[in-house]
Amino acid sequence: MTYAAIKGWGKCLPPAKLTNDDLATFLDTSDEWITSRTGMKERRISHVPVSELAYVACERALAAAGKTAQDVDLIVFGSTTFDELCPNAASNVQRMLGAERAACMDVNTACTSGMYSLTTATAMIKSGVVRSALVIGAEVISPIMDWKNRDVAVLFGDGAAALYLEASEQKAGVLAESLGCFGESRDILAVEGWGMKYANKGRVLGDAHWNFIGQEIFKKAVAGMAHGCESTLAKLNLTAEDISLVVPHQANLRIIDSLAKKLSLPSEKVFVNIEKYGNMSAATALVAFVEAIEQGDVEAHSHILIPAFGGGLTWSAHVVYFDLKPRAESTSNVQLPATNKSALTLVEEIIQATS
Ligand code: UT7
């Protein structure tokens, strides 16, 4: 049987940090409210387009795997905030990397896009269509954020992560997953003004109105991720006790705690980095997964459970297996272009451009 082993991993977080106190300078909110209701302290605001964040994350993933762009058969780019819809974003990453041999596709399932991309690439490797792939979860959501709406503006940030997968005869990579969508509730997390439906209707990019029914999304997030986890564990005949580490989507610390309680998972098995980045949508779960690997939290012979949730309302839960403790072969010296702009300045520029 062929598996799709995870051989490389990398992330790219833009340097500008927007703190809760920064948000309170232009929104009726406070550090106390945001921290106690979400667990978030700061998030990143990008000074470059999403493809550039993704490119740097891919260079780092390739270096960790000890591979070059010539080794890549497929690029799957998961995001909701593609720089352009035609041509696709994966082709831009292909060009930046010089990965001419790679097939290129984009996947949009909102916050779960990185995880659906992992499924797509894994399935194509397992079925023999390709032997290697770069999987991207990346988001630059700040330009289409409704910065006047405190219900959503405090929750999101920008970032990117990438994995390099390769065919392997050893048991490794995604062993099973469950995917689904609460389509009947798709309107409770929706961005009006963003898509072809609005073409020629006098809208400009950034003139986005977010429908965001937080408490309803909260309940669906816990229900969707819990159901996904239970169904994936059942497919593998595993229980929560067999899981070494849970790396959940980071939308709200209270959602993570509720999920852990529902699945009877002890908090020391749950990876949390929400305080640093907020919800980076498609990038969230993969950035958390990459950080868990980088911090040495992933051991040999470990099963990692990765539940995610997002607009759609899509949900997913993957179990990933490592036979050996993951170790990077090397590091990349590729960096983002420097900026001296603060996150607050970048946000003020967006507000000005769209008002
Ligand atoms: O990636 C998947 C997508 N996202 C999610 O899964 C998010 C799911 N939902 C949530 O995380 C939570 O529902 C929120 C964090 C969005 C909101 O937390 P909550 O505990 O459900 O608060 P709430 O909506 O019930 O609002 C409580 C109060 C309200 O005031 P009143 O009506 O009690 O006077 C809000 O107007 O908090 C107010 N409020 C705020 N106050 C200060 C709402 N947003 C803010 C804010 N700062 N940013």
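Being a predicted model, the structure only gives us computed values, none of them experimental. Chains are numbered independently. Their residues run from 1 in the order of the written sequence. In keeping with the model being predicted, local features are shown solely for residues with a pLDDT of at least 70 and side-chain atom pairs are shown and tallied solely at 80 or more, while totals for entire chains, interfaces and linings include all residues. Hydrogens are left out, water is left out, and the side-chain values use all remaining heavy atoms of the structure.

1. Concerning the nonpolar core
Test applied: For our purposes a nonpolar core is just a set of buried Ala, Val, Leu, Ile, Met, Phe, Trp, Tyr and Cys residues, chained together by side-chain atoms within 4.5 Å. Each residue's exposure class comes from its accessible area (1.4 Å probe, protein chains only) as a fraction of the maximum for that residue type: buried when under 20%, exposed when over 50%, partly exposed otherwise. Secondary structure counts use DSSP, requiring at least four H or I residues in a row for a helix and at least two E residues in a row for a strand, with both numbered from the N terminus. The domain limits used here are those given by an automatic or database domain assignment. Any two residues whose heavy atoms approach within 4.5 Å are treated as being in contact.
Ranked by size, the top nonpolar core spans 54 residues in total, and within it Leu18, Trp147, Trp210, Phe212 and Phe309 carry the most contacts. Of the residues forming this core, the biggest block, eight residues, is contributed by helix H7 (residues 214–235). Each of domain 1 (3–170 + 339–353) and domain 2 (175–322) accounts for three or more of the residues forming this core. Excluding residues that lie within four positions of it along the chain, Trp147 makes contacts with Leu18, Leu23, Phe26, Leu27, Ile45, Ser142, Ala153, Val347, Ile350 and Ile351.

2. Here's the deal with the site of the ligand
The following threshold applies: Near, as used in this document, describes a residue that has one of its heavy atoms within 4 Å of the molecule or strand being considered. Polar contact is the term for a pair of N or O atoms within 3.5 Å; when the atoms are in protein, one must be able to donate a hydrogen and the other to accept it, and sequence-neighboring residues count only if both atoms are side-chain atoms. Surface exposure here means Shrake-Rupley accessible area, sampled with a 1.4 Å probe, where a residue is shielded only by the protein chains that are shown. Throughout this entry, Asp, Glu, Lys and Arg are counted as charged residues, while Ala, Val, Leu, Ile, Met, Phe, Trp, Tyr, Cys and Pro are counted as nonpolar. The remaining residues, Gly among them, count as polar.
Looking at the ligand, there are 23 residues lining it, with Thr29, Gln215, Asn252, Arg254 and Asn279 nearest. Here Thr29 contributes a side-chain N or O atom positioned 2.6 Å from a nitrogen atom of the ligand. Protein chains bury 74% of the 950 Å² of accessible surface belonging to the ligand in isolation. Residue contributions to the shell around the ligand peak at four residues, all from H7. Split into classes, the residues belonging to the shell around the ligand amount to eleven nonpolar, seven polar and five charged. Counting contributing residues, the shell around the ligand receives three or more from each of domain 1 (3–170 + 339–353) and domain 2 (175–322).

3. Notes on the side chain of Asp22
Quick reminder of the rule: Lys and Arg are tallied as positive, Asp and Glu as negative. Neither His nor the chain termini are counted. Between Lys or Arg on one side and Asp or Glu on the other, a salt bridge is scored when a side-chain nitrogen of the former is within 4 Å of a carboxyl oxygen of the latter.
Structurally, the position occupied by Asp22 is in helix H1 (residues 20–23). Despite being buried, Asp22 has no salt bridge partner; Arg43 is the closest side chain of opposite charge, sitting 7.2 Å away. Residues within four places of Asp22 in sequence aside, it is in contact with Lys17 and Leu344.

4. Observations concerning the side chain of Gln94
Along the chain, the position of Gln94 falls in helix H4 (residues 89–97). In terms of polar contacts, Gln94 uses its side chain to reach the backbone carbonyl oxygen of Glu100, at 3.4 Å. Ignoring any residue separated from it by four or fewer positions in sequence, one finds Gln94 in contact with Ile75, Ala99, Glu100, Ala102 and Cys104.

5. Let's talk about unusual backbone geometry
Comment: phi is negative for the bulk of residues other than glycine, and the bulk of peptide bonds are trans. The linkage connecting Cys86 with the following residue, Pro87, adopts the cis geometry, with an omega of 5°. Along the polypeptide, Pro87 turns up in the loop between strand S4 (74–78) and H4. The linkage connecting Gly312 with the following residue, Leu313, adopts the cis geometry, with an omega of -5°. In this model, Ala110 sits at a positive phi of 60°, which is unusual for a non-glycine residue. The topology assignment puts Ala110 in the loop between strand S5 (103–107) and helix H5 (113–126). With a phi angle near 50°, Ser281 is a residue other than glycine that sits in the positive phi range. With respect to the helices and strands, the residue Ser281 is situated in the loop between helix H9 (274–277) and helix H10 (284–294). Take Ser281: its relative accessible area is 3%, and that puts it in the buried class.

6. Here we look at the environment of Val287
One can find Val287 in helix H10. The exposure class of Val287 is buried, given its relative accessible area of 0%. In this structure the C-alpha to C-alpha distance between Val287 and Val247, which are 40 residues apart in sequence, comes to 9.8 Å. Beyond its immediate chain neighbours, meaning those up to four positions away, Val287 contacts Lys11, Leu13, Ala160, Ala161, Asn273, Tyr277 and Met280.

7. Details of helix H11 (residues 343–354)
Spelled out, the test is: One fewer than the residue count of a helix, multiplied by 1.5 Å, yields its expected span. Arc definition: directions from the helix axis to the C-beta atoms.
Across its twelve residues, H11 extends 17 Å between first and last C-alpha, which sits within 8% of the 16 Å expected from 1.5 Å per residue. The set of residues buried in H11 consists of Ala343, Leu344, Leu346, Val347 and Ile350. The buried residues of H11 occupy an angular sector of 160° when projected down its axis, which confines them to one face. Exposed residues pointing more than 90 degrees away from the buried face of H11 are listed as Gln352 and Ala353. The secondary structure elements touched by the buried residues of H11 are strand S2 (16–19), H1 and strand S3 (42–45).

8. Focus: the packing of aromatic side chains
As a reminder of what qualifies: The criterion for an aromatic pair is that two Phe, Tyr or Trp rings (for Trp, the six-membered ring) have centres within 6.5 Å, with stacked assigned to planes under 30 degrees apart, edge-to-face to planes over 60 apart and tilted to the rest.
Applying the stated criterion across every chain, the model contains six aromatic pairs. Judged by centre distance (5.6 Å) and plane angle (70°), the rings of Phe77 and Phe82 are edge-to-face. For Phe82, a relative accessible area of 15% corresponds to the buried category. Centroid distance Phe182 to Phe309: 6.5 Å. Interplanar angle 45°. Geometry classified as tilted. Separated by 127 residues along the polypeptide, Phe182 in the loop between strand S8 (173–181) and strand S9 (189–192) and Phe309 in strand S12 (residues 302–310) bring together distant segments of the chain. Here the aromatic cluster, defined as three or more aromatic residues joined through ring pairs, consists of Phe156, Trp210 and Phe212.

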